[in-house]
Amino acid sequence: MEHVAIYPGSFDPVTNGHLDIIERGLAIFDKVIVTILINPNKQALFTLEERLEMLHKSMENFKNVEVDTFSGLLVDYAQQKKAHAILRGLRAVSDFEYEFQMALMNRRLRREIQSVFLMTGLRWIFTSSSIIKEAARFGGDISGMVPDCVKTKLEEKFLCKLG
Ligand code: PNS
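From a predicted model like this one, the values you see are computed outputs, not experimental measurements. (Residues numbered from 1 in each chain as written. Predicted model: local features only at pLDDT ≥ 70, side-chain atom pairs only at ≥ 80, totals over all residues. Heavy atoms only, no water.)

(A) Summary view of the sheet that holds strand β5 (residues 114-119). The five strands lie next to each other as β3-β2-β1-β4-β5, forming an open sheet whose pairing is parallel. Only two strands of the sheet have a single partner each, and these edge strands are β3 (65-70) and β5. Taken over all neighbouring pairs, the strand axes of this sheet differ in orientation by 30 degrees on average, direction set aside. Docked against the sheet, helix α1 (residues 16-26) engages β1 (4-9), β2 (31-37), β3, β4 (85-90) and β5, running at close to 115 degrees with respect to β5. Most of the contacts of helix α4 (residues 96-109) go to β4, to which it runs at about 175 degrees, and overall it touches β4 and β5. (Pairing = 2+ DSSP bridges. Helix = DSSP H or I, 4+ residues; strand = E, 2+ residues; numbered from the N terminus. Axes fitted to C-alpha atoms, helices over the stretch in contact; angles between N-to-C directions. Contact = heavy atoms within 4.5 Å.)

Written out as structure tokens, the structure is:
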């Protein structure tokens, strides 16, 4: 039986921290499906198409990974994809409350799907899409925190916003 995990998120944009979790996930699961879902609490900087393109490019050299989008409930998507688990990364303790709430809601909605949390590598503990966007917006150097294609996209985005 193939063990499949869904790695859901906004990916606005994908960071090296996300890639770290995907690599760790691939050490446990046969396949990881990286899926962009809507987070109703966030206003996205990049369009869905832009985020998809960045994810595809960033994962060119990854095996056993699929990239997808879905509009609706995460657990319905997981069921549709015959996934056994929802994969999420944990950085600092501050992530815990939000993740715990989501995991318990997801369990309530579909008991059979497990949430699996992986600890991010130490160097990504303070990396988040939001903090990277903020640094990039004001011309901060974000090299090494995101894949090269994302860095270029962020520079383009903020150049045209400022210009
Ligand atoms: O990267 P994020 O923004 O922390 O990811 C959050 C996300 C997209 C995984 C979450 O908002 C989500 O699962 N959205 C889809 C709707 C849903 O199923 N919500 C959780 C249970 S109510």
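(B) Focus on the packing of aromatic side chains. The final tally for this structure, using the stated rule, is three aromatic pairs. Judged by centre distance (5.5 Å) and plane angle (70 degrees), the rings of Y7 and F11 are edge-to-face. Overall, the relative accessible area of 2% leaves F11 in the buried class. Ring geometry for F70 and Y77: centres 4.9 Å apart, planes at 45 degrees, overall tilted. The same class applies to F70 as to Y77, namely buried. (Phe/Tyr/Trp six-rings, centres within 6.5 Å; stacked < 30°, edge-to-face > 60°. Buried < 20%, exposed > 50% of the residue type's maximum accessible area, 1.4 Å probe, protein only.)

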